[in-house]
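# Commentary on secondary and tertiary structure
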Amino acid sequence: MPNIPQSPLQDGSAVTDADLVALLAGKLDVAPGLLPVADVLAALSARPSLGELAGEARALAEFRRRAGVPVSRRHARRSTAGLTSRLSAKAAAGAAAAMLVLGGAATAAFANMLPAPIQRLAHDVIGAPGAPSAPQPVPARGKPTAPGQLASHGTHKSNAKPHGTSRHPNRHGHGQPGTNQGQQGNGEGQQGTGQGQQGRGQPGQPGAGQPGQPGTGQGRQGNGRGNPHAMRQYGDPHFLWQLGDPHVPQRR
Amino acid sequence: MINEEFASLLAAAQGGSEAAFSRLWRDVNPALLRYLRVIAPGAEEDLAAETWVQVVRGLRSFRGDEQAWRAWLFTTARRRAIDLARHRSRRPEAPLDDVAVAQLPRTEDSAEVALEHLSTAAAIALVSGLPRLQAEVILLRVVAGLDTESVARLLTKSPGAVRVAAHRGLRRLAQLTADTGVTL
C-alpha cells in the first residue's frame, strides 16, 4: 500500500474556531499547524514599503486643492457670502415693501381716500385730488352778501376753463375766478379770494359774472378741497400777473 | 492603526492640516494598496489615488471613529474597483507591452526590507489564490483592521457569513501553506 503523505490540516477538525479567532486577532500562540498561516497574516500587515508611500505627494496635492484652506478663512468667506446674500435679500424685501407701500399710498391718494392732511400733502407732491373736508361756513370776515356780490361766484362754476402753466387742473384757477370776480364785481377782493380757495377748484372764466345779479352761492358753499397754498398762490392777482396770465387784470 | 490620536488627527485634517492628513494617509494607504492588489490586480495605484480624491472631497463632512474611517476608505476603494471591473468588462483592453521585472524601479536597498516586502508580496499572492469572498474577508479583517460587523456591512453580508468565510479562508490558507511548503 503506497504511503501517501497526508497534510496535517487535511482533517478540518485539527483547526478549531478558537485558533482561527486567535489568528485573526494577531495572536501567535496558535496551534503548531497554523504557524505558517500566522506568518502569512503577519506578512500581510507588515510595515509599508516606500513604493506604498509613493503616492503621498499626489494625495497631498489633492488635499491642498480641495481641503487645504484653513477652516477660519473658509468660514469667514462663507459667512461673508452669507451676510451679503442676507443683506441683499433684506434690501430686496425692504425695497419691495417700500414700493408696495408707496404704490398703495399713491393709489389711495388718487382715489381721494387719505386723511385730509395727507391728502393735501399728496396733492402738493404728486398732484392727487384735493383733500376732502367738511363744508366750511362763510368766512367770518365776509360781509353779508348783497345782491351782486355773489353773482361772481355763480359764474364761477359754469364757465370753467383750465388755464395756467401747471398741468394739473386742480392746481389751476383755484380762486382765480373768485378773485377776479371779487375785484371786478364789487370790490370784495378779500372775500372773493377766500371763496375761490374754498371752491371745488374748477377754473372759471374771469369776468363772466353779471354784476348786480344774485349769485347762487356755490362758490361760498364749496367743499373746500382746493389747496389753500396753491390757490393762495394762484389766486394772488400779483402772482398771476407775474405769470403773464391774460385773464388777470393789470394793476393800476 | 492610530488609536488614541485618531480623533485629534482627523479634526486637524478636517481643519486643513496637511501634516495631519499625511499621517492619516500614511497609516491607511499601504493597507489600501494591499487590499486593492488582491481585488483589482494591476490597478491598485490608480484606484487608491481615486479613492483618496473621493475621501478628500468628503473629508470635512466625515464623522466617526477610526473603525468608521477605515470602513469608509475601504468601502470607497471597493466601489471604485467594482466600477473599474464593470468598465473593463464593457471595454476590454489588451496591454501592448509588459514591463520586465528587472526594469521596475528599485528604491529600497535594505536587504531586510526587501525580504520583508518579498514576503508581503508572497503573502498577497497566497491570499489572492483564495476564493474572492474569503480573500476579501481575510484582508479586511487582518490588513484593514475592521471587525466582523464592519466587514459584513462593507460586503453587504451577514456577520455570520463573514465569520464562516474567514474561517474557511484561514483553513484554506493553512492547507495551502502545508501543501506547498511556503515559508515566509
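Summary of the structure given here. (Residues numbered from 1 in each chain as written. Chains lettered and ligands numbered in written order. Predicted model: local features only at pLDDT ≥ 70, side-chain atom pairs only at ≥ 80, totals over all residues.)

## Considering the overall build of chain B
- Check the secondary structure of chain B and you find eight helices and zero strands.
- Starting at the N terminus and walking to the C terminus, you meet the elements of chain B as α-α-α-α-α-α-α-α.
- Counting contacts in chain B only where the partners sit at least 6 residues apart, residues at least 24 apart contribute 67% of the total. (Helix = DSSP H or I, 4+ residues; strand = E, 2+ residues; numbered from the N terminus. Contact = placed C-beta atoms within 7 Å.)

## Notes on the overall build of chain A
- Looking only at helices and strands, chain A has ten helices and zero strands in total.
- Tracing chain A from N to C terminus, the helices and strands come up as α-α-α-α-α-α-α-α-α-α.
- Counting only contacts in chain A whose residues sit at least 6 apart along the sequence, the fraction spanning at least 24 positions is 64%.

## Considering unusual backbone geometry
- Even without being glycine, N112 of chain A reaches a positive phi, approximately 60 degrees.
- Its place among the elements puts N112 of chain A in the loop between α4 (71-110) and α5 (116-126).
- If you check the backbone angles, N3 of chain B has positive phi at about 65 degrees while not being a glycine.
- Along the chain, N3 of chain B falls in the segment before α1 (6-14).

## Examining α5 of chain A
Residue and element names in this part refer to chain A.
- Among the residues of α5, those classed as buried are Q119, R120, A122 and H123. Angular distribution of buried residues about the axis of α5 spans 160 degrees; they occupy a single face of the element. Facing away from the buried side of α5, by more than 90 degrees, are the exposed residues P117 and V125.
- Once α5 finishes, G127 follows within two positions and takes phi at roughly 75 degrees, a positive value. (Buried ≥ 20, exposed ≤ 12 C-beta atoms within 10 Å, placed from the backbone. Arc of directions from axis to C-beta.)

## Considering the nonpolar core
Residues and elements named next belong to chain B.
- By size, the foremost hydrophobic cluster in this structure holds 63 residues, and its most contacted members are L32, Y35, L36, V127 and L139.
- If you tally residues by element for this core, the top one is helix α2 (residues 18-39), at eleven residues.
- Summarising the domain contributions, this core has at least three residues from each of domain 1 (1-93) and domain 2 (110-184).
- When residues no more than four places from it in sequence are discounted, the contact partners of Y35 are F74, A77, L139, L140, V143 and A144. (Core = buried A, V, L, I, M, F, W, Y, C linked by C-beta atoms within 7 Å. Domains from an automatic or database assignment.)

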